[in-house]
There are 2 protein chains.
Amino acid sequence: MKTGTIVGAGLAGSLWAVYLAKAGYKVTVFERRPDIRKAEISAGKSINLALSERGWTALREVGLDRMVEDLAIPMYGRIMHDEKAKLTFQPYGEEGQAIFSVSRGGINARMMDAAEQSGDVTIHYNHQCVDVDFENTKVTLLNKETNETIEHQSDVVFACDGAFSAVRYNGFQKVDRFNFSQNYIADGYREILLPANEDGSYKLDKNALHIWPRGEFMLIALANEDGSFTCTLFMPFENHEYSFDKLNSRDDVDQFFREVFPDFHAMMPDVADQWETHPLSSLALMRCYPWTHENFALLGDAAHATVPFYGQGMNASMEDCYVMGQLMKKHNENWTEVFKEYQEVRKPNGDALQDLSVHNYKVMRDLVADPHFLLKKKFEHRIHDLYPEKYLSLYSMVSFSNIPYAEAMQKGKEQDDFIEKIMRENDIEARFENDTIDELIHSIFQAEAV
Amino acid sequence: MKTGTIVGAGLAGSLWAVYLAKAGYKVTVFERRPDIRKAEISAGKSINLALSERGWTALREVGLDRMVEDLAIPMYGRIMHDEKAKLTFQPYGEEGQAIFSVSRGGINARMMDAAEQSGDVTIHYNHQCVDVDFENTKVTLLNKETNETIEHQSDVVFACDGAFSAVRYNGFQKVDRFNFSQNYIADGYREILLPANEDGSYKLDKNALHIWPRGEFMLIALANEDGSFTCTLFMPFENHEYSFDKLNSRDDVDQFFREVFPDFHAMMPDVADQWETHPLSSLALMRCYPWTHENFALLGDAAHATVPFYGQGMNASMEDCYVMGQLMKKHNENWTEVFKEYQEVRKPNGDALQDLSVHNYKVMRDLVADPHFLLKKKFEHRIHDLYPEKYLSLYSMVSFSNIPYAEAMQKGKEQDDFIEKIMRENDIEARFENDTIDELIHSIFQAEAV
């Protein structure tokens with residue numbers, strides 16, 4: 001029987017187990033943590049995530065989209081909260097288009113269920129990968145409950161074990177000519193839970209992603225199913241007017257929220273009490289190549305962990321599964337061929353994903369409060385309304401299409417230059433006001449193709 | 001008693017042991033390999049190295065310069081060998097200035113001797129670092145002869161264990177916010193031993209570094225004490241007209257040398273016979289930060305491994321020891337202060353060392369065969385002869401001074417722009433020919449300061 005090993009039962013691992021089981025493999029999954037479906041534990045660091053088109057596509061391919069639908073809260077756009085508690089809404093896409101807030105633990109549990117129902121899949125919890133044997137396609141696991149070490153051999157191994165991948169550290173990184181970097185950005189984050197009202201209702205519009213953009217830092221909030229919001233403060237660790245090292249006491253924190261996020265403070269006057277119970281965490285980008293070696297492949301964060309600012313980490317991991325699945329069929333499970341094409345096709349997209357993610361921090365914490373940026377977005381939306389076939393914004397290409405990241409980024413750059421040029425040459429704001437914006441757009445788009 | 005642990009008894013470790021012993025520390029050194037003074041083994045991958053001013057300065061500080069003098073063969077310049085076996089000499093610096101070919105094993109053994117004679121130094125061989133405990137300033141070592149594991153505690157630990165540092169992998173890389181990259185260049189190398197003549201004499205001028213520059217690849221040769229030369233072929237691994245993947249048989253190799261390095265082939269017609277016995281090795285740059293954590297510091301290649309093309313790897317490691325030694329005195333052995341300043345001062349120089357090393361591959365394999373480059377070097381030498389206080393070439397700053405690498409690189413860039421501008425505006429070649437070059441130089445240097 002065909003056998004496959006998956007290290008890590010997180011978002012990439014549990015989804016890939018479904019793909020592999022459906023292809024008739026006997027699948028063994030080793031997960032370092034306990035079963036999140038049984039224990040009251042955090043599945044990872046961030047509690048909720050934004051699911052968008054790439055994720056849906058990968059789920060749909062194996063019939064999982066319906067299994068997670070009820071977990072997903074649509075967010076139709078951003079709501080920006082300024083220092084005076086004034087709100088601005090900016091839609092993400094066309095009418096009705098949304099990205100979806102999902103609980104990491106919730107979607108992970110559903111995918112584990114699906115994996116176990118898809119075929120011959122066994123998930124071993126509390127098993128940590130401590131060694132890798134490329135030559136014999138084996139991994140060595142430490143059972144953290146019994147302290148015993150076991151070896152496991154199979155036809156093919158998938159490392160879905162995240163940013164700090166043990167397969168990568170214990171295996172790939174020791175391979176000659178393996179390029180690797182781990183780069184921490186200067187900012188960290190701390191999560192805060194904004195509880196529901198006493199009647200269980202939401203304190204904010206649940207159908208939007210909330211942002212308090214403050215230039216060098218920001219607070220965001222995504223709705224949970226129970227009426228609460230998971231809020232995250234992203235900020236430099238040190239050396240800034242506002243940085244985590246300045247917030248050392250309950251009073252510092254209280255004053256900071258009162259001053260900088262007044263509407264948030266009003267909703268949650270005891271925010272400072274929760275401060276210490278949530279850890280301050282760091283954010284890193286992991287780049288490496290090659291992504292495959294012998295019968296081993298890196299998938300998801302293990303290959304291309306990124307910062308969370310485009311909400312694409314999970315979606316990219318799921319897209320890895322989708323692409324690997326397509327190639328598995330195309331090459332009739334000849335893994336040498338599959339892996340070769342997988343890494344050649346996906347590496348540029350992993351790099352682009354990371355570049356896009358880093359850039360979008362600036363967009364979220366700073367540009368969304370910038371009138372020029374908002375006007376540009378409005379202009380872009382109008383262009384798309386009139387010429388939907390000719391114009392898709394970068395955000396839409398990334399979040400509402402399956403256009404490869406590298407292609408989207410390249411096209412996005414060209415479009416941005418083009419739009420900026422038009423905006424320099426025309427008073428777009430006045431055009432909107434005197435209702436001649438469509439005229440301008442027609443004159444441009446009938447004359448030249450973008 | 002003050003105690004210090006050093007992991008690695010290579011060039012950095014054995015020299016730093018001398019510094020630390022002289023400061024009154026009880027020093028314990030753990031080396032993964034057997035004692036190179038007793039075993040007939042290779043000390044590392046490259047057999048000989050170029051010792052220059054920074055290395056001498058660090059050796060001199062602890063009285064070791066005289067202990068290694070007799071090992072050092074001066075090289076006063078480069079001798080380029082073209083495809084038609086025509087030779088061109090280009091001096092490295094002023095009359096009498098030289099860099100020195102030394103055997104890695106030879107200098108390492110002398111420094112080990114010196115360490116053992118400097119005070120309370122014990123070197124344990126066949127001990128591999130397998131774990132790091134920052135909190136308790138402990139390292140765990142596997143005795144590879146007995147297979148026993150021991151723990152060793154001390155006041156301070158220095159990781160001098162090279163590009164693939166076990167202290168870095170097992171310790172630093174797991175520290176939150178530790179940035180790290182390992183980048184392999186596209187080229188590899190293979191060493192070839194050009195033997196002495198039957199009477200023991202050298203087949204080439206021993207007092208020069210020989211280069212066969214061929215654009216995208218090169219062969220170099222450095223003299224050994226016994227009349228032989230260690231030659232190294234640097235070349236892309238694959239995907240080039242000339243790359244290692246094209247040389248698959250004895251005939252391929254023979255034909256390649258005959259065609260591309262005719263004078264070398266004439267000296268060593270059996271070069272192809274040796275080919276398979278020497279491994280093909282890769283070349284990587286390791287960058288990381290911070291370089292210190294708690295009571296641990298990275299020194300030498302463990303902190304900033306580079307490619308060998310400026311001949312500065314060993315010199316930079318020795319300079320780390322010199323700088324650490326100065327700071328140890330300055331801060332009266334307050335290691336928190338020493339480590340803080342050490343990494344702040346040395347990190348930009350480690351980065352510059354790497355940038356310079358990468359750039360110099362192009363210089364050696366390509367530019368030294370370029371008439372414009374050679375004319376520029378000649379012009380620079382003449383400027384320096386006339387205005388020694390005002391003008392020092394980049395090569396001289398790097399190899400014949402202790403100017404920090406970052407400063408040298410910056411000044412070198414400014415000078416290069418300046419020289420290129422003069423060369424665009426004047427026919428330097430004609431000026432040399434009609435003996436008006438000094439006139440030009442005086443007119444420039446009396447008018448403006450560089």
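To be clear, the structure that these remarks concern was listed above.
These figures come from a predicted structure and were not determined experimentally.

S.K.: Looking at this structure, how should I read the relation of the copies chain B and chain A?
M.R.: Two copies of a chain can be linked by a rotation about an axis combined with a shift along that same axis. In screw terms, the move from chain B to chain A is a rotation of 180° and a rise of 0.0 Å along the axis, fitting with an RMSD of 0.0 Å. In short, the pair behaves as if placed about a two-fold rotation axis. Across chain B, the rotation axis passes nearest the C-alpha of Ser-181 of chain B, at a separation of 2.0 Å. Both copies contact each other with a shared surface, as 100% of the interface residues of chain B are interface residues in chain A too.

S.K.: Sorry if this is basic, but what is going on with the packing of helix α11 (residues 335–365) of chain B against helix α14 (residues 405–425) of chain B here?
M.R.: For any two helices packed against each other, the geometry comes down to the angle between their axes and how far apart the axes lie. All names here are of chain B. With their axes 7 Å apart at the nearest point, α11 and α14 run at an angle of 50° to one another. The orientation of α11 relative to α14 falls into the category oblique. Of α14, the residues touching α11 (which contributes Arg-346, Pro-348, Asn-349, Ala-352, Leu-353, Asp-355 and Leu-356) are Tyr-405, Ala-406 and Met-409. In terms of residue class, the contact of α11 with α14 is made up of seven nonpolar, one polar and two charged.

S.K.: Got a minute to help me understand the packing of aromatic side chains in this structure?
M.R.: To describe a pair of aromatic rings, one takes the distance between the centres and the angle between the planes. Tallied over the full model, the rule gives 73 aromatic pairs over all chains. With centroids separated by 5.6 Å and ring planes inclined at 75°, the aromatic side chains of Tyr-202 of chain A and Phe-229 of chain A adopt a geometry described as edge-to-face. Here Phe-229 of chain A lies in strand β16 (residues 229–236) and Tyr-202 of chain A lies in the loop between β13 (179–194) and β14 (209–213), a separation of 27 residues in the sequence. Cluster of aromatic residues (ring-pair linked, three or more members): Phe-134, Tyr-169, Phe-172, Phe-178, Phe-180 and Phe-296 of chain A together with Phe-134, Tyr-169, Phe-172, Phe-178, Phe-180 and Phe-296 of chain B. Across the ring face of Phe-237 of chain B, the terminal group of Arg-177 of chain A is positioned such that the distance to the ring centre comes to 3.5 Å. Its end group placed over the ring of Phe-432 of chain A, Lys-378 of chain A keeps NZ or CZ at 4.4 Å from the ring centre.

S.K.: What am I meant to see in the sheet that holds strand β3 (residues 48–51) of chain A here?
M.R.: Backbone hydrogen bonds hold the strands of a sheet together, and the pairing may be parallel or antiparallel. Residue and element names in this part refer to chain A. Reading across from one edge, β3-β7-β4 is the order of the three strands in this open sheet, with antiparallel pairing throughout. The strands lining the two open edges of the sheet, one partner per strand, are β3 and β4 (73–75). The average angle at which neighbouring strand axes cross in this sheet is 35°, direction not considered. With four bridges joining them, β3 and strand β7 (residues 99–103) adopt antiparallel strand pairing. The partner of Asn-48 across the bridge, within β7, is Ser-103.

S.K.: Any chance you could explain the interface of chain B and chain A here in plain terms?
M.R.: Quite often, the size of an interface is put as the accessible area lost when its parts meet. Listed per partner, the contact involves 16 residues of chain B and 16 residues of chain A. Remark: the boundary between chain B and chain A carries two salt bridges. In this structure, Glu-238 of chain A engages Arg-177 of chain B in a salt bridge whose closest nitrogen and oxygen atoms are separated by 3.0 Å. Where chain B meets chain A, there are 13 residue pairs in polar contact (both at pLDDT 80 or more). The element that contributes the greatest number of residues to the side of chain B that touches chain A is strand β13 (residues 179–194) of chain B, accounting for seven residues.

Parameters and conventions
Residues numbered from 1 in each chain as written. Chains lettered and ligands numbered in written order. Predicted model: local features only at pLDDT ≥ 70, side-chain atom pairs only at ≥ 80, totals over all residues. Heavy atoms only, no water. Least-squares fit on C-alpha atoms with pLDDT ≥ 70 in both. Contact = heavy atoms within 4.5 Å. Axes fitted to C-alpha atoms, helices over the stretch in contact; angles between N-to-C directions. Helix = DSSP H or I, 4+ residues; strand = E, 2+ residues; numbered from the N terminus. Parallel < 35°, antiparallel > 145°, perpendicular 65-115°, else oblique. Nonpolar A, V, L, I, M, F, W, Y, C, P; charged D, E, K, R; others polar. Phe/Tyr/Trp six-rings, centres within 6.5 Å; stacked < 30°, edge-to-face > 60°. Lys NZ or Arg CZ within 6 Å of the ring centre and 35° of its normal. Pairing = 2+ DSSP bridges. Salt bridge = Lys/Arg side-chain N within 4 Å of Asp/Glu carboxyl O. Polar contact = N/O pair within 3.5 Å; in protein donor to acceptor, adjacent residues only side chain to side chain.

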